[in-house]
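# A structural walkthrough
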Amino acid sequence: MLCYGSSCYAQLYVIVNQKNSLEQLTKNQLIDLYMGRTRHFESGSRVITVDAALQSPNREDFYQALVEKSVPEIQAYWARLLFTGRAVPPFQVESTGDIINFVGENASAIGYVAKAPVTDKVKVVYVLEK
C-alpha cells in the first residue's frame, strides 16, 4: 500500500464509458491525456478528462503516481497552458460518485476512482500504481 500524507491507496482505477472502444491505456497515453498533450482518444473521438475535487486525496495521489507532481504544481502547469491557450484543464467534479456518473453518461469522458466501480456504465482501462 502506498501512502502520501493522510491518504493511502494501493491502486487508482482509470475508467471510461462502457461504449468507448478503448480497452486499455498505457501510462504514457494517460499522461498525454491528463497533461493536455493530446485531446483525442486513439479512435479520434474528443476526450473529456475528469479530475477529482481540488481537495480530494485521490487527486493528490493520482498526480503523484502519474507524473510525480503535487496538486499545486499541476495547477501551476495548467495556469501556464491556459495562458497560452494551448489546452483546457480536466473538468472537476466533487465526488467519486460524480466521476462515475459523469463518465457513465459521457462516451468521451475519462476519470479515476480509488475503488473499482461496480456498474455496467463504465469500464476500467488502466490501473495506476506506484
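The notes below deal with the structure included here. (Residues numbered from 1 in each chain as written. Predicted model: local features only at pLDDT ≥ 70, side-chain atom pairs only at ≥ 80, totals over all residues. Heavy atoms only, no water.)

### Points about the overall build of the protein chain
Worth spelling out the cut-off: Working definition: helices are DSSP H or I runs of at least four residues, strands are E runs of at least two. Numbering for both runs from the N terminus. The globule rule used here is 2.2 Å times the number of residues to the 0.38 power, and the radius of gyration it is set against is calculated over C-alpha atoms. The cut-offs for exposure are 20% and 50% of the maximum accessible area for each residue type, with area from a 1.4 Å probe on protein chains only; residues under the lower value are buried, those over the upper are exposed, and the others partly exposed. In this description, contact between two residues means that some pair of their heavy atoms is separated by no more than 4.5 Å. Methods summary: accessible areas were calculated by the Shrake-Rupley approach with a probe of 1.4 Å, and residue burial reflects only the protein chains presented.
Regarding its fold elements, the protein chain presents four helices and seven strands. The C-alpha radius of gyration of the protein chain comes to 14 Å, within 12% of the 14 Å expected for a compact globule of 130 residues. In terms of overall dimensions, the protein chain has C-alpha extents of about 35 × 35 × 25 Å along its principal axes. Here the protein chain holds 130 residues, and 46% of them are scored as buried. Contacts in the protein chain between residues far apart in sequence, at least 24 positions, make up 71% of those at least 6 positions apart. Put simply, the protein chain shows about 7100 Å² of open surface, and 51% of that area lies on carbon and sulfur atoms.

### Here we look at unusual backbone geometry
Unusually for a residue other than glycine, glutamate 68 sits at a positive phi of about 55 degrees. Along the chain, glutamate 68 falls in the loop between helix 2 (57–67) and helix 3 (71–84). The exposed category is assigned to glutamate 68, whose relative accessible area is 57%.

### Let's talk about the side chain of asparagine 20
Note the cut-off: Under this definition, polar contacts are N or O atom pairs within 3.5 Å; protein pairs additionally need one hydrogen-donor-capable and one acceptor-capable atom, and for neighbouring residues in sequence, both atoms have to be side-chain atoms.
With respect to the helices and strands, asparagine 20 occurs in the loop between strand 3 (12–17) and helix 1 (27–34). Judged by relative accessible area, which is 5%, asparagine 20 ranks as buried. Engagement of the side chain of asparagine 20 in a polar contact is seen with the backbone oxygen of alanine 107, the distance being 3.4 Å. With residues near it in sequence (within four places) discarded, asparagine 20 still touches Phe41, Ala107 and Lys123.

### Some thoughts on helix 1
Helical geometry: 3.6 residues make up each α-helical turn, so side chains three or four residues apart lie on a common side. Applicable threshold: This arc describes the spread of directions from the helix axis toward the C-beta atoms.
For helix 1, the complete set of buried residues consists of Leu30, Ile31, Leu33 and Tyr34. Considered in projection along helix 1, the buried side chains sweep an arc of 165 degrees and stay on one side of the axis. Taken from the residues just after helix 1, glycine 36 is the one with a positive phi, measuring 75 degrees.

### So, the pattern of salt bridges
Opposite charge on two side chains makes pairing possible when the charged atoms of those side chains draw close. For clarity, the cut-off: The salt bridge criterion pairs a side-chain nitrogen of Lys or Arg with a carboxyl oxygen of Asp or Glu, the two atoms within 4 Å.
Tallied over the entire structure, the rule returns three salt bridges. In this structure, glutamate 23 and lysine 123 form a salt bridge, with 3.0 Å as the shortest nitrogen-oxygen distance. Pair noted here: glutamate 23 is in the loop between strand 3 and helix 1 and lysine 123 is in strand 7 (residues 122–128), with a separation of 100 residues, a long-range link. Put simply, aspartate 32 and arginine 37 hold a salt bridge, and the shortest N to O gap is 3.6 Å. Given a relative accessible area of 29%, aspartate 32 falls into the partly exposed group.

### A few points about the sheet that holds strand 6 (residues 109–113)
To be explicit about the condition: Strand pairing is defined by DSSP finding a minimum of two bridges between the two strands. Angles here are taken between N-to-C directions and fall from 0 to 180 degrees, while the axes themselves are lines fitted to C-alpha atoms, restricted in helices to the stretch in contact.
Sheet architecture is open: five strands sit in the order 5-4-6-3-7, paired in mixed fashion. Because the sheet does not close on itself, it has two edges, and the strands there are strand 5 (91–92) and strand 7. One ladder, built from four bridges, connects strand 3 with strand 6; its direction is antiparallel. Looking at the pairing, tyrosine 13 lines up with valine 113 of strand 6. Its contacts with the sheet put helix 1 on strand 3, strand 4 (48–51), strand 6 and strand 7, and the angle it makes with strand 6 is roughly 110 degrees. Packing of helix 4 (residues 96–105) onto the sheet brings it into contact with strand 3, strand 4, strand 5, strand 6 and strand 7, and relative to strand 6 it is tilted by some 155 degrees.

Shape descriptors only; they carry no functional weight alone.
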